[in-house]
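Residue strings, one per chain:
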Amino acid sequence: MNKCDQCIVRQLSSLKALNKEEVVQLANSKTTHTIKKGEAIFEEGEVTNGVFCVKDGIGKLSKLSSNGKDQIIKLVKSGELLGQRSMISNEPANLSAKAVADMEVCFIPKSEIIHFFNTNNQFSMNLMQSVCEDLKKSDDHMVDMAQKTVKERLAETLLYLKDTFGISDEGALNAQLSREELAGIIGTATESCIRLLSDFNKSGLIELKGKKIFLKDIKKLRLEAN
């Protein structure tokens, strides 16, 4: 067949509904790109004209606030699609997508996605369910930001990073975010985030070694998160 047939994106996203003929069509239309850490996949306000499949690496979706602060809305991993909501709504991207670690992404033109949407009912249903799931997660995130303390949000985020991206062989979080990026996720100033990490370190919940974070007491972190 082709590499698209075994790709993790097809296995985990709405693309799993495509039949063999459609997968061949997909493979012939896509282009593959390497996105280095810190580089943008697309920027807020940009017309993307398609979707991006995350084949490898870690990225972030963020929105620039009125005061110029970069608020991280979501982290993305292998197997996810980016840009599907703005493609369906036919509007410019509402968020920016950037690489937190080196990424490999494939771009599928809008014309191909719309064709699959119109001819494959299961694909169109999967795509809409994916968009709805993203909106639900956005709602949950908004409630957390409003009702949880910064300390609770930090504990919750550290556990999320472990559960979503795993830990390295040495036991550190695989997702090595900068302190600024971590602050952007929990909605606080970088200085406050650094201070809270130091408090967690002193309390034995985590261990800090440079930029690496080791989770030492999962049970207490869960208590802090709730």
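The rules behind these values
Residues numbered from 1 in each chain as written. Predicted model: local features only at pLDDT ≥ 70, side-chain atom pairs only at ≥ 80, totals over all residues. Heavy atoms only, no water. Axes fitted to C-alpha atoms, helices over the stretch in contact; angles between N-to-C directions. Helix = DSSP H or I, 4+ residues; strand = E, 2+ residues; numbered from the N terminus. Parallel < 35°, antiparallel > 145°, perpendicular 65-115°, else oblique. Left-handed = near helix turned anticlockwise from the far one by under 90°. Contact = heavy atoms within 4.5 Å. Nonpolar A, V, L, I, M, F, W, Y, C, P; charged D, E, K, R; others polar. Phe/Tyr/Trp six-rings, centres within 6.5 Å; stacked < 30°, edge-to-face > 60°. Buried < 20%, exposed > 50% of the residue type's maximum accessible area, 1.4 Å probe, protein only. Lys NZ or Arg CZ within 6 Å of the ring centre and 35° of its normal. 1 Å grid on protein atoms, 1.4 Å probe; cavity = no way out; pocket = protein on both sides within 12 Å on 5 of 7 lines; lining within 4 Å. Points joined across faces, edges and corners; volume = space filled by probe spheres on them.

(A) Seen up close, the packing of helix H7 (residues 150-165) against helix H10 (residues 218-225). At a closest axis distance of 7 Å, the pairing of H7 and H10 adopts a crossing angle of 130°. Classified by the angle between their axes, H7 and H10 sit oblique to one another. For H7 against H10, the interelement crossing comes out left-handed. Along its contact with H7, which presents Lys151, Glu152, Ala155, Glu156, Leu158, Leu159, Lys162 and Asp163, the element H10 presents Ile218, Leu221, Arg222, Glu224 and Ala225. When the residues that make up the contact of H7 with H10 are grouped by side-chain class, the tally is 6 nonpolar, no polar and 7 charged.

(B) Representation of the environment of Ile73 within the structure. Looking at where Ile73 falls in the secondary structure, it is placed in strand S5 (residues 70-76). The sequence separation of Ile73 and Leu95 amounts to 22 residues, and the corresponding C-alpha distance is 8.5 Å. Not counting residues within four places of it along the chain, the set of residues in contact with Ile73 comprises Leu61, Ser62, Lys63, Leu95 and His141.

(C) Molecular detail of the packing of aromatic side chains. Enumeration according to the criterion identifies 4 aromatic pairs in this entry. Relative to Phe107, the ring of Phe52 lies with its centre 4.9 Å away and its plane at 50°, an arrangement referred to as tilted. Here Phe107 lies in strand S8 (residues 103-109) and Phe52 lies in strand S3 (residues 50-56), a separation of 55 residues in the sequence. The residues Phe52 and Phe107 share a single accessibility class, namely buried. Within the aromatic cluster, the residues linked to one another by ring pairs are Phe42, Phe52 and Phe107. Over the aromatic face of Phe214 sits the side chain of Lys209, whose NZ or CZ is 5.0 Å from the ring centroid.

(D) Main features of empty space enclosed by the protein. Applying the stated criterion to the full structure yields 2 cavities of 30 Å³ or more. What lines the second largest cavity is Leu161, Leu173, Ala175, Gln176, Leu177, Leu182, Lys211 and Ile213. Within the lining of the second largest cavity, the residues separate by chemical class into 6 nonpolar, 1 polar and 1 charged.

The quantities given are spatial measurements derived from coordinates; they are silent on function.
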